[in-house]
Amino acid sequence: MYRFLLTPRWWGINLFVALAIPFCVFMGTWQLGRFEDRVQTHDAAAKQPAPGTRAAEPLDDLLPVDKVTSGRPATATGRYADQFLVPGRKLDDRSGFYVLNMLRTDTGKALPVVRGWLPGKPGATPVPAAPTGRVTVTGDLQASENAGTTGADARGGLPDGQLGIISAASLINLVPYDVYDAWVTVQDTGSGAGSGTDDGAGGALRPVPAAAAQGTGLDLKAFQNLGYTGEWFVFAGFVLFMWFRLVRREAEAARDLRLGLVPEADPGTATATDGSGSGKKDEAASPAVGSGTA
């Protein structure tokens, strides 16, 4: 009854099923692993002590920035140079901008330092001046931003002195010196960051909290991984279900044909269907009958 499984047509179907099911299981397992990794990194990040309770370490000892070093207090010594304003950044649901200064270190490279946040729009809000002379800055280490970072503006076209994305790739085109592929956010805005008095127009700089490293939180992407896991396993089950359904239908058709429940078509008889739906022999296929003159 199941000899049809050895026909060339079914060889193709069987090969497709044999490849599709393991592939779907592999992809589902991989997505589940991604979700579990995010859960583990989230748990590990939650167990880590708060950045303010950790001892600051030299910047070079914490680079490159990864899931472990992100948020760790880092120290660097140098002199403040170029200043940029980073618009479109929110703090406590209020719109404002970051004040970012480049700290020229002894190595010759510059470290982007977010000295704080101010409400309002760049150019309309007074910005406290950065400290002059040699300073030692302590701030929470952060990885360079990208187009997917919350608040980042990758469209470009900003006025001079403004920056959409805090990253070495963006800054290298704006300053004539090398830039660290990282940045720090100062939590003590009265020390090494500059200070201001609340004059009603701009006010003192407010510290920008360090953000969790990408891929360490149970965000939407984590639950997308979990959803994709279910989809791949459903695909595997659907392929198997359709294969069983096709096999059963083919087996039933072969059984009905063997039992004579389905009449075999006569290849020597051609039929045509008239407008009423009734079958008639094809008169064109038989010799013409009628009277004729020689």
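Rules used throughout
Residues numbered from 1 in each chain as written. Predicted model: local features only at pLDDT ≥ 70, side-chain atom pairs only at ≥ 80, totals over all residues. Heavy atoms only, no water. Helix = DSSP H or I, 4+ residues; strand = E, 2+ residues; numbered from the N terminus. Buried < 20%, exposed > 50% of the residue type's maximum accessible area, 1.4 Å probe, protein only. Pairing = 2+ DSSP bridges. Salt bridge = Lys/Arg side-chain N within 4 Å of Asp/Glu carboxyl O.

(A) Region of interest: the environment of Ala222. Along the chain, the position of Ala222 falls in helix α4 (residues 220-258). When the C-alpha positions of Ala222 and Asp37 are compared, they lie 9.1 Å apart, and in sequence the two are 185 residues distant.

(B) Main features of the pairing of strand β4 (residues 110-119). With ten of ten residues buried, β4 lies mostly within the body of the structure. Once strand β3 (residues 94-105) ends, the chain turns through four residues before running back antiparallel as β4, passing Gly108 with a positive phi of about 95°. Judged from the two bridges that link them, β4 and strand β6 (residues 183-186) form a sheet pairing that is parallel. For Val113, the partnering residue across the bridge sits in β6 and is Val184.

(C) Examining the pattern of salt bridges more closely. Counting across every chain of the model gives seven salt bridges. In this structure, Arg9 and Glu250 form a salt bridge, with 3.8 Å as the shortest nitrogen-oxygen distance. In this pair, Arg9 sits in helix α1 (residues 8-47) while Glu250 sits in helix α4, placing the two residues 241 residues apart along the sequence. Ionic pairing is found between Asp92 and Arg206, a salt bridge with its closest N-O pair at 2.5 Å. Of the two residues, Asp92 is situated in the loop between β2 (73-91) and β3 and Arg206 in the loop between β6 and α4; the sequence distance between them amounts to 114 residues. Residue Asp92 is classed as exposed on the basis of its relative accessible area of 55%.

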